[in-house]
Amino acid sequence: MVLLKMKFNQQRRVRLAQGLWLLSWLAVMCGAFIFCLGVYLKTELLRRDEVMENTEIHVVPNILMMVGLASIGTNWVATRVCQDSLDASRFPRWKVLLLAWFVVAALLCCLLLAVVVLSYVLQGRLEESLKVGLRNGIRFYKDTDVPGRCFQKETIDRLQMEFRCCGNNNFKDWFEVQWVSGRFLDYTAQEVKDRIRSNVDGRYLLDGVPFSCCNPASPRPCLQYHLTDNRAHFNYDYLSEDLNLYSRGCRQALTDYYMGLMNSTGPGVLSVILIQISVMLSLRYLQTAVEGAMALEDPEGDSEGYILEKGVKETFEEVKVKVLTMMKLAQVDPEGVPVDAEAEKAADTTAEKAASPTPAS
Amino acid sequence: MVVMKMKFPFQKRVKLAQGLWLLSWCATVAGATTFTLGCLLKTELLRRAEVMDNADIHIVPNTLMIVGLASLGINYFASKICQDALDAGRFPRWKNFLKPYFAVSCFFTVLMLLSVIMSYAMKGSLESSLKAGLRNGIRFYKDTDTPGRCFQKQNIDRLQMDFECCGNNDFRDWFEVQWISNRYLDFSSKEVKDRVKSNVDGRYLVDGVPFSCCNPRSPRPCMQYQLTNNSAHYNYDYLTEELNIYLRGCREALVHYYMGLMNTIGAGVLSIFILQGSVLVSLRFLQTAMEAVAGKENTEIETEGYLLEKGVKDTIMEYLDPVLKFFLLKNGGKVEEGDAAEKPPAVP
């Protein structure tokens, strides 16, 4: 039972080849688009590399880039096949390659689908990575004289200003670390001595935040220090003040940003998958129709195109048998005799046995 | 005296027409580019419109947009004309169109050059506009409760953060205005009373700057207040500290930014001007070469093409005469009326 049979006269075959040629070039453009999308996503992730602890999320743009490049090549091959399809002398050389082409194209579609799924699944891993990266960034904020960490302050400041966020979960994260370097603390002052003695590790902890947490939308000049002390500022209430600093945490802000970026690429990737599938189906029809036409006495007569020669189940069985036979051929019997040789021997013996009873009787 | 005469055999005429057709389509794209550049410049100027006192500088992007649109039309007609040029039957219909066409095209091409010159000439006007605008912005920084001025604080803060600048000329501009609103000052405290009494106008002046002046590159947490007091901060010297806050003034930063933008756009527009000029010159040569062929049986003869039939001065007078006559005719008409009115009373 042939799957999805369609009749193709010469006119229709020509139209199919021309349409498929255009569609394949469109698919090449889509491949380039996917590659560019991957590159863009990768650059965006690399820009904030310093606040990410691991690079697991990079698998999404890496796959996009690989698939984009492979898709350009694959669809370019499809255009060549279309060009040769109506020429009976040049089409046969593509015969062997076409099976491999279909496998590769199906693989690309699966990979693209996997990318869409991964971009949702990896959200948790991204958040974890940002949590650890930001925690380190805040801890090393003061180490502007330590090689390897001297740019943390600038990185965190610019991040907080650009993404309009403060701290890891919220601004209170700054209360728990010493973010003022010891080089700028007057250890002879009473205030400094008190603060250092007030905790076990001898850190100078403040209820204050860096200037990059300040919200320009506040009607009031920014209050950075003594945030929990209502009496330190005129007309100030710590619990009801919400415009003074950014209320969002940077982890939330960055996760939202990257998820938004990956979600907006979702529809584009899905439409590219659809285009690739339609190229595959059209090429299959073209291949079977042209092969059918070449087998006829009149090459310009009507032929049939189909997707699968037999039904889905039968094709699957056939493929399974082929694969197993190939595996058996490769397998060597423990006694050192190849299995097919034994089968041959058995066939000979049965033939001999069939021949021998005659003399006995 | 003919200007720039050149011989044109048939083959050369054909090549000229084909080359001109391509060139005019390139020039059409260039015209669209000019329009886009004008739009770009205008949006950039509008983004910072709140810190500009007047809109004089907008004449540059407006001119670019007009010239871009006009250039699309000019080059479209140029391509149509050179398509018809080699067809002896269709070329004559353009005859009457070409004189005003060249006049208009020359006008817009010169306007293109003028816009580039203006973008350099108007630097002073831009600077004074920014000076006044920024001065107002800094003065009204504290008025977040006054309608019409409530966004000044946010604008100035974002401007200082984006352009990495502080104040008008430099950060000391903030010392001269009260930028903290009275709503947040405790007038019962001694410090506030002292400061308010210390100047004639009763303003609360501090030697401090807003947080948006802070430089993220500083190795030290930002020091905003008591900037002139060395003893207020540990290990601090007011005169040698240069990384704490931005030292550049916002006026200089903005002028630098806009001049850079206009220089880049000016370079592009200059090359488009050269392209447009070459299109017009080639079209003129093609027109004059084809006019000599008109009426002859053998269209493949060699003809001469030139730029101007008479000298430069004579041609200018020729173009200006209709315009002057139009005005003179008005005056002439009035004189005639006056005569007619005078005459009847003169006759007894």
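Reading guide: rules and limits
Residues numbered from 1 in each chain as written. Chains lettered and ligands numbered in written order. Predicted model: local features only at pLDDT ≥ 70, side-chain atom pairs only at ≥ 80, totals over all residues. Heavy atoms only, no water. UniProt positions renumbered as here; feature names shortened; annotations may be inferred. Helix = DSSP H or I, 4+ residues; strand = E, 2+ residues; numbered from the N terminus. Phe/Tyr/Trp six-rings, centres within 6.5 Å; stacked < 30°, edge-to-face > 60°. Buried < 20%, exposed > 50% of the residue type's maximum accessible area, 1.4 Å probe, protein only. Lys NZ or Arg CZ within 6 Å of the ring centre and 35° of its normal. Disulfide = S-S within 2.5 Å. Contact = heavy atoms within 4.5 Å.

An unreviewed UniProt entry annotates chain B as Retinal outer segment membrane protein 1a of Oryzias sinensis. Turning to chain B, the UniProt record has this under Subcellular location (unreviewed entry): "Membrane". Taken verbatim from the UniProt record of chain B, the Sequence similarities (unreviewed entry) comment is "Belongs to the PRPH2/ROM1 family."

Named according to an unreviewed UniProt entry, chain A is Retinal outer segment membrane protein 1b originating from Oryzias sinensis. The annotation that UniProt attaches to chain A under Subcellular location (unreviewed entry) is "Membrane". The Sequence similarities (unreviewed entry) field of the UniProt record for chain A holds the comment "Belongs to the PRPH2/ROM1 family."

1. Concerning the UniProt feature "transmembrane region" (unreviewed entry) in chain A
UniProt records the feature "transmembrane region" (unreviewed entry) for residues 20-40, 60-78 and 98-122 of chain A in the present numbering. Between the first and last C-alpha atoms of residues 60-78 of chain A the distance is 26 Å; the span itself is 100% helix and 0% strand.

2. Overview of the packing of aromatic side chains
Residue and element names in this part refer to chain B. Counted under the stated rule, the structure contains 27 aromatic pairs over all chains. Ring centres 5.1 Å apart and planes at 50 degrees place the aromatic pair Phe77 and Phe97 in the tilted group. Taken together, the residues Phe77 in helix H2 (residues 59-85) and Phe97 in helix H3 (residues 95-121) connect sequence positions 20 residues apart. Between Tyr141 and Trp179, the aromatic rings sit 6.2 Å apart at their centres with planes inclined by 75 degrees, giving edge-to-face as the arrangement. Of this pair, Tyr141 sits in the loop between helix H4 (123-139) and helix H5 (152-163) while Trp179 sits in the loop between H5 and helix H6 (190-197); the two residues are 38 residues apart in sequence, bridging distant segments of the chain. Residue Tyr141 shares its accessibility class with Trp179, and that shared class is buried. Over the ring of Phe8 we find Lys12; its NZ or CZ atom is 5.3 Å from the centre of that ring. Lying over the aromatic face of Phe102, Arg284 brings its terminal NZ or CZ to 5.9 Å of the ring centre.

3. Examining the state of the cysteines
Residue and element names in this part refer to chain A. Here the structure, examined in full by the defined rule, presents six disulfides over all chains. Sequence-ordered numbering of the bonded cysteines in chain B gives a disulfide pattern of 1-6, 2-3, 4-5. The connectivity of the disulfides in chain A is 1-6, 2-3, 4-5, where the numbers refer to bonded cysteines in sequence order. Cys36 forms no disulfide, and the closest cysteine sulfur to it belongs to Cys30, at a distance of 12 Å.

4. Quick word on the environment of Leu113(A)
As for its placement among the helices and strands, Leu113(A) is situated in helix H3 (residues 95-121). Contact partners of Leu113(A), with chain neighbours within four places excluded, come to Leu270(A) and Ile273(A).

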